[in-house]
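# A structural walkthrough
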Number of protein chains: 2
Amino acid sequence: MFATVAPIATWSSPVPPRPIAGPAQANVLEPLKAVAVTVRTDRDEEIVAQGDPARHCYLLVSGCARTVKLMEDGRRQVGEFLLPGDLFGWEALDEHDFGVEAVTPVTLLRFPRSALETLVDRDRHFARQLRALSAGQIRAGRERLVLLGRKTACERIASFLLEMAQRIRGEGGAMIGLPMSRADMADYLGLTIETVCRGLAQLRTAGVIAVERSKIVILDRRALGVAGCETVH
Amino acid sequence: MFATVAPIATWSSPVPPRPIAGPAQANVLEPLKAVAVTVRTDRDEEIVAQGDPARHCYLLVSGCARTVKLMEDGRRQVGEFLLPGDLFGWEALDEHDFGVEAVTPVTLLRFPRSALETLVDRDRHFARQLRALSAGQIRAGRERLVLLGRKTACERIASFLLEMAQRIRGEGGAMIGLPMSRADMADYLGLTIETVCRGLAQLRTAGVIAVERSKIVILDRRALGVAGCETVH
DNA sequence: CGTACTCTTGACTCTAATCAAAGTTGGTGG
DNA sequence: CCACCAACTTTGATTAGAGTCAAGAGTACG
C-alpha cells in the first residue's frame, strides 16, 4: 500500500528553528569537537540519568533520543525528542533535571560543559547562535504549554505529526517514519497509549493521514493543520 | 481569622532562580535604563498584543502581569506570571508569540531589543546573566510540562501555591496574597475556574492551607509539597 | 444600599483513563 | 524457511476525573 502512495507535497511552511549544528553551522562547533568524545548507545539505553551531575553537554549526531522525567509513582513525561544536530545539557545548573534515553541506536558527541562556557565567552558568533537556540527552545516550550494545557487529545496528535513531519523531513514527500513508540508519543503528549491509537485512527478515518505502525503519510496537510489548531504559518 | 494566624515558618528551600534585575543585579541593566521608557498600565490592560512585531523588551518593575496565548476559539493559556525583576521579550524572533496583560496595575521599563543585543555583545558579565536567565526559563518550562502533562488538578494547584509562595515572599511568614484571579490561575494550570476552586477547597479541608479569596496561608508546607508531588528540595 | 463581579458549591455530562482482550509484527531459533 | 514468542499496537467496555451548566454567596465599588 505505502509503496504506491505518491509524494503529496513539499512543505510550504517556513524553515523550522534550525539545530545549532546543522550543515551550515557545523563549523562553529569545531573547537568543541577537539575535546569531544563520541558516545554510541543502543536502543532504550540510558545516556544521562535524571539527576546526574551536569558536567557534560551532548550533541546528537545520529538517531533519536528522548528526554524524560519520571515521577516517583512512575508517571512519565517526555520533554522533547532529540534529532541529529540537537544539543542537550548546556542549560543545566548543577544537575540534569531530565534524563536522556536512546529511542533508536544513537551517536552523540559528549563534551564538558566548561568547554562550551569557554567557547561562548570567546566566540561572539557562537554566543549568538546559542542565544538563538535558547530562544527557540523557550518558544517551543511555550507552544507545548498550549498543547498540554488546552488542546484535546486529537489536536495534540495532529500537532505532533506536523511537528515531526517538519523536523524529520525524510527523503520523499509526505511519508514520515516515526522513530518512537506509541508509549513515547503518549508520554510526550500527556496522553495514554490507547488514546494515541484512537486519535490516529480518527485522523485516518477522516482521510487526513494513512497509518501503518511507525510509517505515516500525511494525505491532507491543511486538514491536519486545522485538526491541530495550528494557525496557518 | 487571618489576622490571628501566626507566621508558620520561613522557607527552608533554596533560593529560586533569581530575576535578572533583582537588587543585587540591578547594576548590569544600567546601560539599558538609559534608553528605556517607563510604561504604566492599568489592571487588565494589554501591554503587548500576541503577534506584535518584537521591537521591544520589557522589564517589569512593579505589579504583576501575565503572558497569554489565545486560541481562535477562545481557549486561553497563560504562559507565566511576571513579577518585579522579570524580563520579557528578549527571546522573540520576529514577533511576540504571547501577549502580555496587566494582572494588577504595573510599571515596566521598555527598551529596544537591539539595545539588549548590543549590551549582550559588549558585556560578558551581562551575557552570562542572560544565559542563566534562559537556562532558568527552559528548566521552569520543563517543570510546567510535567505539571500540565501528568499531574492531577489538585497536584497542579498545590505546585502552583508553592511556586507563588517562593516567588512572592510577602512580608510576613506563610501568608501570600495572590494577585491573580481564579480564571488566571485556571488558564495557567490548564484547568477551569471551578476545578481550581474545588482543588483549593480540598486542600483547605485537608488542613493544608487556609483560603480567603486572594489571601492564602500555607499551614503545612510539607503536606503541600507532597500534594504537589514536589520532591523535597 | 444596590449592583456587578468574582468565587464557591452542586448536579450532570463527557473526554480520556483504565481494564481487558484480540490482532500484528519482527526477531529468534529450530 | 517456517514457527513460535515477546513486544507492540489496536479495538472494545467500563470508570473516573475534570468540564460544563446552573444557582447561590460573598465582596468590592460606586
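Okay, so let's go over this structure. In this text the structure is predicted, and so the values were computed from the model without any measurement.

## Remarks on the interface of chain A and chain B
The interface is formed by 46 residues belonging to chain A together with 46 residues belonging to chain B. When chain A packs against chain B, the two sides together hide about 4,100 Å² of surface, and 55% of this comes from carbon and sulfur. When the buried area of chain A at its contact with chain B is split by residue, Arg139(A), Arg142(A) and Arg150(A) rank highest and sum to 20% of it. Connecting chain A to chain B are 19 salt bridges. Where Arg131(B) meets Glu117(A), a salt bridge forms, and the shortest distance between an N and an O atom there is 4.0 Å. There are 24 residue pairs in polar contact (both at pLDDT 80 or more) connecting chain A and chain B. Every element with two or more residues in the side of chain A that touches chain B is listed here: β5 (76–82), α2 (113–122), α3 (124–150) and α5 (182–189) of chain A.

## As for the packing of helix α4 (residues 153–168) of chain A against helix α6 (residues 193–205) of chain A
Residue and element names in this part refer to chain A. Axis separation between α4 and α6 bottoms out at 9 Å; the angle between their running directions is 75°. Classified by the angle between their axes, α4 and α6 sit roughly perpendicular to one another. Side by side, α4 and α6 meet where Ala153, Cys154, Ile157, Ala158 and Leu161 of the first sit next to Thr195, Val196, Gly199, Leu200, Gln202 and Leu203 of the second. Here the contact of α4 with α6 is built from residues that sort into eight nonpolar, three polar and no charged.

## Overview of the layout of surface pockets
Its volume calculated, the second largest pocket comes out at about 240 Å³. In this structure, the second largest pocket is lined by 17 residues; those nearest its centre are Val120(A), Ala127(A), Val120(B), Asp121(B) and Ala127(B). Mapped onto the lining of the second largest pocket, the elements with two or more residues apiece are α2 and α3 of chain A together with α2 (113–122) and α3 (124–150) of chain B. Broken down by element, the lining of the second largest pocket gets its largest block of residues, five residues, from α3(A). When grouped by side-chain class, the residues that make up the lining of the second largest pocket number five nonpolar, two polar and 10 charged.

## As for the pattern of salt bridges
Residue and element names in this part refer to chain A. Throughout the structure, instances matching the rule amount to 40 salt bridges over all chains. For glutamate 163, the salt bridge is made with arginine 167, and the minimal N-O distance between the two is 3.5 Å. Highlighted residues: glutamate 163 and arginine 167, both in helix α4, separated by four residues, approximately one helical turn. Note on glutamate 163: relative accessible area 25%, which makes it partly exposed. For arginine 167, a relative accessible area of 28% corresponds to the partly exposed category.

## A look at the protein's contact with DNA strand D
Close contacts around DNA strand D come from 18 residues, with Arg182(A), Ala153(B), Glu194(B), Thr195(B) and Arg198(B) the closest. Protein-proximal atoms of DNA strand D, defined as those within 4 Å of the protein, fall in sugar or phosphate at a share of 61%. For DNA strand D, a phosphate oxygen lies 2.5 Å from a polar atom in the side chain of Thr195(B). Residues of the surface near DNA strand D, tallied by class, amount to five nonpolar, five polar and eight charged.

## So, the packing of aromatic side chains
The tally for this structure, following the rule as stated, stands at six aromatic pairs over all chains. Among the aromatic residues, ring-to-ring pairing joins Phe81(A), Phe160(A) and Tyr188(A) into one connected group. Over the face of the ring belonging to Phe98(B) we find Arg142(A), whose NZ or CZ atom lies 5.9 Å from the ring centre. Note that Arg144(B) overlies the ring of Tyr188(B), its terminal NZ or CZ placed 3.7 Å from the centroid.

## Describing the pairing of strand β10 (residues 209–212) of chain A
All names here are of chain A. One ladder, built from four bridges, connects β10 with strand β11 (residues 215–218); its direction is antiparallel. Following the sheet pairing, isoleucine 209 is matched in β11 by isoleucine 218. Connecting β10 to the antiparallel partner β11 that follows it, the hairpin turn spans two residues, and arginine 213 within it adopts a positive phi of roughly 55°.

## Side note on helix α6 (residues 193–205) of chain B
Residues spaced three or four apart along an α-helix point in a common direction, a consequence of the helix completing one turn every 3.6 residues. Residues and elements named next belong to chain B. With 13 residues, α6 ought to run about 18 Å at 1.5 Å a step, and its terminal C-alpha atoms sit 18 Å apart, in line with that. Buried within α6 are the following residues: Val196, Gly199, Leu200 and Leu203. Here the buried residues of α6 occupy an arc of 95° about the axis, which is enough to place them on one side. In α6, the exposed positions angled more than 90 degrees off the buried face are occupied by Arg198, Gln202 and Thr205. On its buried face, α6 is in contact with α4 (153–168), α5 (182–189), β10 (209–212), β11 (215–218) and α7 (221–227). Of the residues trailing α6, glycine 207 is marked for its positive phi of about 80°.

## A word on unusual backbone geometry
Positive phi, close to 55°, is recorded for Arg213(A), a residue that is not glycine. Here Arg213(A) is to be found in the loop between β10 and β11. Residues other than glycine seldom take positive phi values, yet Cys229(B) does so here, at roughly 55°. One can find Cys229(B) in the segment after α7.

About the criteria used
- Residues numbered from 1 in each chain as written.
- Chains lettered and ligands numbered in written order.
- Predicted model: local features only at pLDDT ≥ 70, side-chain atom pairs only at ≥ 80, totals over all residues.
- Heavy atoms only, no water.
- Contact = heavy atoms within 4.5 Å.
- Buried area = accessible area lost by both parts, 1.4 Å probe.
- Salt bridge = Lys/Arg side-chain N within 4 Å of Asp/Glu carboxyl O.
- Polar contact = N/O pair within 3.5 Å; in protein donor to acceptor, adjacent residues only side chain to side chain.
- Helix = DSSP H or I, 4+ residues; strand = E, 2+ residues; numbered from the N terminus.
- Axes fitted to C-alpha atoms, helices over the stretch in contact; angles between N-to-C directions.
- Parallel < 35°, antiparallel > 145°, perpendicular 65-115°, else oblique.
- Nonpolar A, V, L, I, M, F, W, Y, C, P; charged D, E, K, R; others polar.
- 1 Å grid on protein atoms, 1.4 Å probe; cavity = no way out; pocket = protein on both sides within 12 Å on 5 of 7 lines; lining within 4 Å.
- Points joined across faces, edges and corners; volume = space filled by probe spheres on them.
- Buried < 20%, exposed > 50% of the residue type's maximum accessible area, 1.4 Å probe, protein only.
- Near = heavy atom within 4 Å.
- Phe/Tyr/Trp six-rings, centres within 6.5 Å; stacked < 30°, edge-to-face > 60°.
- Lys NZ or Arg CZ within 6 Å of the ring centre and 35° of its normal.
- Pairing = 2+ DSSP bridges.
- Expected span 1.5 Å × (residues − 1).
- Arc of directions from axis to C-beta.

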